[in-house]
Each structure stands twice: as structure tokens, then as C-alpha cells.
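# Structure assessment
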Amino acid sequence: MDGACAFCGEQKPLMDSHVLPAFVFRWLRNRSGTGHIRSTENPNRRVQDGLKFRWLCGDCEGRFCRYETAFAAKAFHPWHSGEYRIAYEEWLLKFCVSVSWRILKYTRGRNKSAPYSNEQKSLMAAAEARWRAFLNDEAPHPAQFEQHLLISDIVESTTISDLPTNFNRFMTGAVTFDIVGSEESVMTFAKLGRFMIFGMIQKGTDRWEGTKIHVKGGMLKPGKVVVPAGLLGLFKEKAENAAAAVSNISSAQRAKINKHVIDNIDCFSESDQFSAIMADASMFGNRAVLWKDET
Ligand SMILES: [Zn+2]
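Residues numbered from 1 in each chain as written. Predicted model: local features only at pLDDT ≥ 70, side-chain atom pairs only at ≥ 80, totals over all residues. Heavy atoms only, no water.

### Points about the coordination of the zinc ion
- Within the protein, Cys5 (SG), Cys8 (SG), Cys57 (SG) and Cys60 (SG) serve as the donor atoms for the zinc ion, at 2.3 Å.
- Classification of the site at the zinc ion as tetrahedral follows from its four donor atoms and the range of 103 to 115° in their angles at the metal.
- Exposure remark for cysteine 5: the relative accessible area of 3% places this residue in the buried category. (Donors = N, O, S within 2.8 Å, 3.2 Å for Na, K, Ca; no water. Tetrahedral: all angles 85-135°; square planar, octahedral: opposite > 155°, others 65-115°. Buried < 20%, exposed > 50% of the residue type's maximum accessible area, 1.4 Å probe, protein only.)

### Focus: the sheet that holds strand S2 (residues 11-18)
- Spatial ordering of the open sheet is given by S1-S2-S5, a layout of three strands whose pairing is antiparallel. Only two strands of the sheet have a single neighbouring strand rather than two, namely strand S1 (2-4) and strand S5 (52-57). Averaged over all neighbouring strand pairs, the angle between strand axes comes to 60°, with direction disregarded.
- For S1 and S2, the ladder comprises three bridges, and the chain directions are antiparallel. (Pairing = 2+ DSSP bridges. Helix = DSSP H or I, 4+ residues; strand = E, 2+ residues; numbered from the N terminus. Axes fitted to C-alpha atoms, helices over the stretch in contact; angles between N-to-C directions.)

### Thoughts on the packing of helix H2 (residues 58-80) against helix H3 (residues 90-107)
- Two elements in contact, H2 and H3, have axes separated by 9 Å at closest approach and are oriented at 120°. It follows from the interaxial angle that H2 and H3 lie oblique. Seen from above, H2 lies across H3 with left-handed handedness. Mapping the contact onto sequence places Phe64, Tyr67, Glu68, Ala70, Phe71, Lys74 and Ala75 in H2 and Trp91, Leu92, Lys94, Phe95, Ser98, Trp101 and Arg102 in H3.
- Tallied by class, the residues present in the contact of H2 with H3 amount to nine nonpolar, one polar and four charged. (Parallel < 35°, antiparallel > 145°, perpendicular 65-115°, else oblique. Left-handed = near helix turned anticlockwise from the far one by under 90°. Contact = heavy atoms within 4.5 Å. Nonpolar A, V, L, I, M, F, W, Y, C, P; charged D, E, K, R; others polar.)

### Description of the pattern of salt bridges
- Within this structure, the stated rule accounts for ten salt bridges.
- Residue lysine 12 pairs with glutamate 10 through a salt bridge whose shortest N-O separation is 3.6 Å.
- In this structure lysine 12 comes out as buried when scored by relative accessible area, which is 19%.
- The exposure class of glutamate 10 is partly exposed, given its relative accessible area of 43%.
- The salt bridge involving aspartate 137 is made with lysine 94; its shortest N-O contact spans 2.7 Å. Residue aspartate 137 is found in the loop between helix H4 (118-135) and strand S7 (147-151), and its partner lysine 94 is found in helix H3; the two are separated by 43 residues along the sequence. (Salt bridge = Lys/Arg side-chain N within 4 Å of Asp/Glu carboxyl O.)

### Examining the nonpolar core
- Counting 55 residues, the largest nonpolar core has Leu20, Phe71, Leu92, Trp101 and Leu220 as its most contacted members.
- No other element matches H3, which puts eleven residues into this core.
- Beyond its immediate stretch of four places on either side in the chain, tryptophan 101 contacts Ala6, Phe7, Trp55, Leu56, Phe64, Glu128, Trp131, Arg132 and Leu135.
- With 17 residues, the next largest nonpolar core counts Leu163, Phe170, Ala174 and Leu234 among its residues. (Core = buried A, V, L, I, M, F, W, Y, C linked by side-chain atoms within 4.5 Å.)

### With respect to the pairing of strand S10 (residues 195-202)
- Burial analysis of S10 places eight of its eight residues in the buried class, the great majority of the element.
- Relative to S10, S7 runs antiparallel, the two being bridged by five bridges. For glutamine 147, the partnering residue across the bridge sits in S10 and is glycine 199.
- With seven bridges joining them, strand S9 (residues 186-192) and S10 adopt antiparallel strand pairing.

### So, the packing of H3 against H4
- For the pair H3 and H4, interaxial distance at closest approach is 10 Å and the crossing angle is 140°. Judged on the interaxial angle alone, H4 and H3 are oblique. Both H3 and H4 take part in a crossing whose hand is left-handed. Together, Leu93, Lys94, Val97, Ser98, Ser100, Trp101, Leu104 and Lys105 of H3 and Met124, Ala127, Glu128, Trp131, Arg132, Phe134 and Leu135 of H4 make up the contact between the two elements.
- Residues of the contact of H3 with H4, tallied by class, amount to nine nonpolar, two polar and four charged.

### Comments concerning the confidence of the model for the protein
- Considering every residue of the protein, the mean pLDDT works out to 80; 72% of them sit at 70 or more.
- When pLDDT is averaged over each helix and strand of the protein, the minimum, 48, is found for strand S4 (residues 46-47) and the maximum, 96, for strand S6 (residues 86-88).
- Note that pLDDT drops below 50 for residues 41-49; the model gives that stretch 24 contacts with residues more than four away or on any other chain.
- Predicted confidence is poor over residues 291-295, with pLDDT under 50, and the contacts of this stretch with residues over four places away or in other chains come to ten contacts. (pLDDT = per-residue confidence, 0-100.)

### Things to note about H4
- The first and last C-alpha atoms of H4 sit 26 Å apart over 18 residues, in line with the 26 Å expected at 1.5 Å per residue.
- The complete set of buried residues in H4 reads Gln120, Leu123, Met124, Ala127, Glu128, Trp131, Ala133, Phe134 and Leu135.
- Contacts made by the buried residues of H4 are with H2, H3, S7, S9 and S10.
- Of the residues flanking the end of H4, it is aspartate 137, one or two places downstream, whose phi is positive at about 60°. (Expected span 1.5 Å × (residues − 1).)

As C-alpha cells, this is what we get:
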């Protein structure tokens with residue numbers, strides 16, 4: 001079926017396009033150890049793939065797909081299997097911008113009650129145009145609309161007292177996206193497992209150090225970074241939302257999931273998610289990870 005492509009604007013046959021790259025959902029499905037992922041909007045329903053709909057033509061999908069393939073093969077999968085020094089080239093910034101562009105394009109205008117100022121609204125339009133120009137090789141860099149990448153690790157212990165009990169599972173495993181900000185800042189936020197991509201629209205006065213993705217290349221490695229303290233509040237809120245969605249799973253569904261885990265215990269214990277669950281259990285106690293139906 002023909003329609004106007006959201007990226008190039010041409011009338012062409014449109015593909016089933018993802019907001020977040022499909023490889024992330026394949027990874028999530030394998031990582032869960034049970035072979036299935038659940039939508040947080042309706043946790044009783046299994047979702048085999050991420051949110052997708054017809055909005056890009058085949059040419060634009062193909063362009064985005066090249067960046068996704070490079071990112072998946074050279075950064076995402078190596079890092080998740082324990083390789084923590086990764087040299088990157090031009091593909092990383094292109095990939096981050098393509099993700100931020102899709103989130104901005106999809107989310108903008110969908111939340112009618114979001115209290116954006118007129119300045120923020122015009123910056124969103126400017127960011128969308130600049131990111132599109134950069135992806136089309138018509139602009140050499142994203143200008144002020146920088147991309148920042150934060151890679152999370154398992155929190156073994158913390159002095160922060162009120163973290164949600166699923167915090168490690170959320171930080172290492174969750175896949176989600178949003179537009180976030182405050183009265184003086186706006187950015188797109190994509191969480192692809194341990195990789196968190198922030199697309200700056202209005203940077204605000206907060207300091208970001210060691211997280212900016214460069215045009216030509218650089219090195220991803222563990223090290224000291226400075227990010228706004230407000231991000232912790234964002235991660236906590238998102239983790240709490242994920243936990244609340246899980247607690248909405250019916251007891252019949254829980255029994256099925258628990259049986260599936262027990263039947264597949266070897267597969268499950270080797271999965272990356274198992275170590276995050278163990279980290280949550282040692283931080284918060286076993287009650288945090290067992291599903292117990294209160295009677
Ligand atoms: Zn197109």
C-alpha cells in the first residue's frame with residue numbers, strides 16, 4: 001500500500017517499520033531464557049516483536065538497516081558478551097541519530113498534554129530537520145542536537161536507599177523509549193539493553209561528560225562519566241513502571257511462566273538476565289525476585 005514515507009516524504013509502498021531496531025527485540029527474546037517477551041502495556045500477551053507500523057519506504061528502511069547492522073555486530077552484541085573496549089567509526093553516530101530521529105518523529109505530537117514551551121516545540125522541529133539532513137549526508141554533523149551514549153553495568157551495591165527492587169534487571173535488560181525532559185531540557189531517550197542513547201533537543205544547563213558520540217569515531221570503554229543527577233529519577237520511574245506492569249500479570253499466567261522457567265532451567269541460568277536477577281536478589285533479598293501471590 002502506497003503512502004508518504006515519514007523520512008523522504010515520497011509516495012511509495014511503505015514497509016512495516018520499527019521505532020526501535022528489530023535486532024534488539026530478537027536479543028531480548030533470546031536473553032529472557034524463556035524465548036518470549038511481554039509487552040509492558042499488556043503483560044499477559046506475548047509480543048514476538050517490537051512496536052511497528054507502516055511509515056517508511058523500502059529505500060529509507062534499507063538506509064537505517066545498514067547502521068543497525070553495523071551497531072548490532074560491532075557494538076551491541078560484543079558488549080553484551082563481555083567485550084568492553086570497542087572502537088567505533090562513523091556508523092555509530094549515524095545509528096544513534098537514526099534512533100533518535102525515529103523516536104522524535106513517532107512520539108512528537110502523540111502526547112497532546114505534554115507541557116512543551118514554544119521554544120521547545122520549535123527546537124523539536126529544528127532537531128528533526130537537522131537529524132534528517134545528517135542522515136541524508138546533507139549536514140556534516142548534528143550541530144547542537146548531540147547524541148550521548150551511556151552504557152549501564154550491574155549495580156552490585158549502592159548507597160542509594162530507595163531503588164526499585166527490579167533496578168538491575170531494568171538497567172541491564174529493558175528496552176524502551178520516550179521523550180524526556182524538564183522546563184529547560186528536552187531529549188529523546190532510547191534504552192536498548194545496556195545501551196542508552198540520548199538525543200539532545202534542548203540540552204539545559206546540566207553537565208554531560210564522557211558520553212558524547214563523535215562524528216568520525218572514538219572508543220567505547222568503561223570509565224568515569226558525568227550525567228545529570230535527574231537521570232536517576234528517570235531510571236527509577238521507568239523501572240517502577242516495568243515492575244508495576246509485571247505485577248499486573250494474572251496468577252494463571254505467572255504459573256505458566258514459572259513452569260516454563262523450571263522446565264528450561266539450564267537455558268535460563270546461562271542467560272544474561274539470570275545474573276541481573278541474582279544481583280537484584282543479593283541487593284534486595286529473595287522476595288524481590290520470586291513471584292508470590294498474596295492470598
Ligand atoms: Zn523514504
